[in-house]
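Chain and residue survey
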Amino acid sequence: MKITRVEAIPFAIPYRKPLKFASGEVHVAEHVLVRVHTDDGIIGVAEAPPRPFTYGETQAGIIEVIDKIFAPQVVGLSLLERETMAARLARTVGNPAAKAAIDMAVWDALGRTLNVQVSELLGGYTDRMRVSHMLGFDEPAAMVAEAQRMREQHGITTFKVKVGRRPVSLDTAVVRALREGLGDDIELYVDGNRGWTASESAAAMKEMADLGLLFAEELCPADDVLGRRWLVSQLDVPFIADESAVTPADVTREVLAGSATAISIKIARTGFTHSQRVHHLAEGLGLEVVMGNQVDGQLGSICTVVFGASYRLTSRRAGELSNFLDMTDDLLTEPLEIHDGELTIRPGAGLGVEIDPDKLAHYRQDT
Ligand code: MUC
Ligand code: MG
């Protein structure tokens with residue numbers, strides 16, 4: 001069970017259409033495939049999506065920090081020494097996606113070694129999650145058409161709408177068009193990626209008060225400390241902290257200060273080990289939780305559903321699991337499929353997925 005090698009492989013797969021939101025946009029999935037090898041011949045896998053506009057990481061930076069700092073720190077450790085590994089990785093500030101991918105690849109390797117599913121190791125609560133689809137900026141008619149297509153083709157009935165543009169009516173018109181176009185049966189919530197001020201957010205939420213929103217997420221920056229508390233105190237829906245509350249300490253700070261009343265857990269930035277800590281904290285604090293998406297590929301999406309399905313709290317709400325549908329291809333031998341609005345974990349050991357060697361050879365950028 002000893003780790004012998006950690007590989008960080010850059011790959012690029014284009015999107016059919018870019019995903020645009022208040023803090024950035026993604027045209028090509030330029031991610032990093034992480035492979036953790038052990039002395040038993042086991043290989044665990046995970047992917048790191050660089051999001052410079054949220055965490056400061058780049059594809060080249062993720063590879064550099066893994067090759068130069070993290071791989072030497074974890075080679076030689078047993079797959080069972082995950083707390084030692086977490087402590088060593090924590091000596092380096094930041095780099096959440098690089099650390100998370102190593103952590104998840106280690107869990108995958110452990111599951112494969114023991115011949116059990118990672119979801120069984122984590123909690124084993126259920127085998128599936130309802131899916132929430134994230135709608136990026138576009139014209140109202142195009143966003144309604146995309147939501148209708150997702151409902152018809154995949155049975156998805158929960159949608160997260162990206163907001164945060166100016167004037168706020170650009171976005172409130174979209175949310176209204178979605179409610180009118182898809183009816184009262186769908187679940188709708190909004191994510192501003194810090195694009196609005198607190199007062200713009202309050203005005204937008206007032207304008208959408210009749211639209212039955214489920215949540216509001218990161219409408220304004222958490223660094224606008226008093227403005228954000230003022231906003232959250234007047235809302236009658238839970239306010240999700242996403243990029244402002246990554247670690248357990250962030251969650252504690254934001255929630256106790258009244259700057260958030262719910263949280264997003266993203267395995268792409270906290271892996272399985274630290275997502276467990278965030279989950280347990282949220283459970284103790286009595287917070288609603290949404291499994292978020294960092295514009296993940298299929299490997300990241302299976303990691304999200306594996307974690308989300310492991311606990312009652314994380315599987316209660318629809319998880320953001322569908323943005324891989326917008327990619328032109330992926331690396332898995334058997335592509336993920338969303339049916340009746342649900343994504344199910346795979347039965348095999350570890351994460352239950354395999355990387356297709358031909359696809360990896362085609363999309364990798366280092367050969
Ligand atoms: C979200 O929930 O904010 C977009 C970029 C990113 O890192 O996460 C997303 C989605
Ligand atoms: Mg968000």
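Here the structure is a predicted model, which is why all the values come from computation and not from measurement. (Residues numbered from 1 in each chain as written. Chains lettered and ligands numbered in written order. Predicted model: local features only at pLDDT ≥ 70, side-chain atom pairs only at ≥ 80, totals over all residues. Heavy atoms only, no water.)

1. Some details on the pattern of salt bridges
Just so we agree on the cut-off: By convention in these notes, a salt bridge is any Lys or Arg side-chain nitrogen within 4 Å of a carboxyl oxygen on Asp or Glu. In DSSP terms, a helix is any run of H or I states spanning at least four residues, a strand is any run of E spanning at least two, and both are numbered starting from the N terminus. Working definition: with a 1.4 Å probe on protein chains only, accessible area under 20% of the residue-type maximum means buried, over 50% means exposed, and in between means partly exposed.
Throughout the structure, instances matching the rule amount to 25 salt bridges. Of the charged contacts in the structure, one is a salt bridge between Arg130 and Glu187, with a shortest N-O distance of 3.2 Å. With a gap of 57 residues between them, Arg130 in strand 4 (residues 128-135) and Glu187 in strand 6 (residues 187-191) connect regions that are remote in the sequence. A relative accessible area of 30% means that Arg130 is categorised as partly exposed. The exposure class of Glu187 is partly exposed, given its relative accessible area of 21%. Between Asp242 and Arg269 there is a salt bridge, and its shortest N-O distance comes to 2.6 Å.

2. Thoughts on the sheet that holds strand 2 (residues 24-38)
Going by this rule: Between any two strands, pairing holds if DSSP finds at least two bridges. Axis lines are fitted through C-alpha atoms, for helices just across the contact stretch, and the angle between N-to-C directions can take any value from 0 to 180 degrees. Residues are treated as being in contact if the distance between any of their heavy atoms lies within 4.5 Å.
Here 3 strands make up an open sheet; going across it, the order is 1-2-3 and the pairing antiparallel. Each end of this open sheet is capped by a strand with a single partner; those strands are strand 1 (3-21) and strand 3 (43-48). Neighbouring strand axes in the sheet, compared pairwise and without regard to direction, differ in orientation by 20° on average. Bridge analysis of strand 2 against strand 3 gives 6 bridges, and the strand direction is antiparallel. If you follow Val36 over to strand 3, its bridge partner there is Gly44. Contacts from helix 4 (residues 96-114) reach strand 1, strand 2 and strand 3, with the element oriented near 155° to strand 3. Of the strands in this sheet, strand 2 and strand 3 touch helix 13 (residues 298-309), which is tilted by about 105° from strand 3.

3. Describing the coordination of the magnesium ion (ligand 2)
Put simply, the rule is: A 2.8 Å cut-off from the metal defines N, O and S donors, relaxed to 3.2 Å for Na, K and Ca; water is not in the atom list, so some sites may appear incomplete.
Note on the magnesium ion (ligand 2): its protein donors are Asp191 (OD), Glu217 (OE) and Asp242 (OD). The metal-donor distances range over 2.0 to 2.2 Å. The sequence pattern formed by the donor residues of the magnesium ion (ligand 2) is D-x25-E-x24-D. Here Glu217 lies in strand 7 (residues 216-217) and Asp191 lies in strand 6, a separation of 26 residues in the sequence. In this structure, Asp191 and Glu217 share a single accessibility class: buried.

4. Points about the UniProt feature "domain: Mandelate racemase/muconate lactonizing enzyme C-terminal" (unreviewed entry) in the chain
Note the threshold: UniProt positions are given in the numbering used here, feature names are shortened, and annotations may be inferred rather than shown by experiment.
According to UniProt, the positions carrying the feature "domain: Mandelate racemase/muconate lactonizing enzyme C-terminal" (unreviewed entry) are residues 140-238. When the span residues 140-238 is considered, its composition is 49% helix and 12% strand, and the gap between its end C-alpha atoms is 25 Å.

5. A short note on the environment of Gly227
Structurally, the position occupied by Gly227 is in helix 9 (residues 225-234). The exposure class of Gly227 is partly exposed, given its relative accessible area of 24%. Sequence-wise, Gly227 and Thr197 are 30 residues apart; in three dimensions their C-alpha atoms are separated by 7.9 Å.

6. Concerning the packing of aromatic side chains
The following threshold applies: Stacked, tilted and edge-to-face are the three classes assigned to paired rings of Phe, Tyr and Trp, where Trp is represented by its six-membered ring and a pair needs centres within 6.5 Å; plane angles under 30 degrees give stacked, over 60 edge-to-face, the rest tilted. Placement of a positive charge over a ring is assigned whenever Lys NZ or Arg CZ falls within 6 Å of the ring centre and within 35 degrees of the normal to the ring plane.
Within this structure, the stated rule accounts for 5 aromatic pairs. Aromatic pair Phe307 and Tyr311: ring centres 5.1 Å apart, planes at 55°, arrangement tilted. Here Phe307 falls in the buried class, since its relative accessible area comes to 0%. Taken together, the aromatic side chains of Trp107, Phe272, Phe307 and Tyr311 make up a single cluster linked through ring pairs. A cation sits over an aromatic face here: Arg82 above Trp107, 4.1 Å from the ring centre. When the ring centre of Phe137 is taken as origin, the NZ or CZ atom of Arg165, which lies over that ring, is 4.4 Å away.

7. Here's the deal with the nonpolar core
Burial of nonpolar side chains together is a common tendency in soluble globular proteins. Let me state the cut-off plainly: Residues enter a nonpolar core if they are buried and are Ala, Val, Leu, Ile, Met, Phe, Trp, Tyr or Cys, with the set joined through side-chain atoms within 4.5 Å. An automatic or database domain assignment supplies the start and end points of every domain.
If you look at the biggest cluster of nonpolar residues, it comprises 118 residues, and the most contacted ones within it are Ile66, Val190 and Phe272. Residue contributions to this core peak at 11 residues, all from helix 4. Looking at which domains feed residues into this core, each of domain 1 (3-115 + 357-363) and domain 2 (120-344) supplies at least three. When residues no more than four places from it in sequence are discounted, the contact partners of Val190 are Val161, Val163, Val175, Met205, Met208, Leu213, Phe215, Ala216, Glu217 and Leu219. If you look at the next biggest cluster of nonpolar residues, it comprises 6 residues, including Tyr189, Phe215, Ile240 and Ala262.

8. Topic: helix 10 (residues 248-256)
Stated precisely, the cut-off is as follows: When we speak of the arc, we mean the arc of directions from the helix axis to the C-beta atoms.
Here helix 10 has its buried residues at Asp250, Val251, Glu254 and Val255. In a view along the axis of helix 10, the buried residues occupy a sector of 115°, so they form one face of it. Opposite its buried face, helix 10 presents the exposed residues Arg253 and Leu256, each directed more than 90 degrees away. Against the buried residues of helix 10 lie helix 9, strand 9 (262-265) and helix 12 (273-285).

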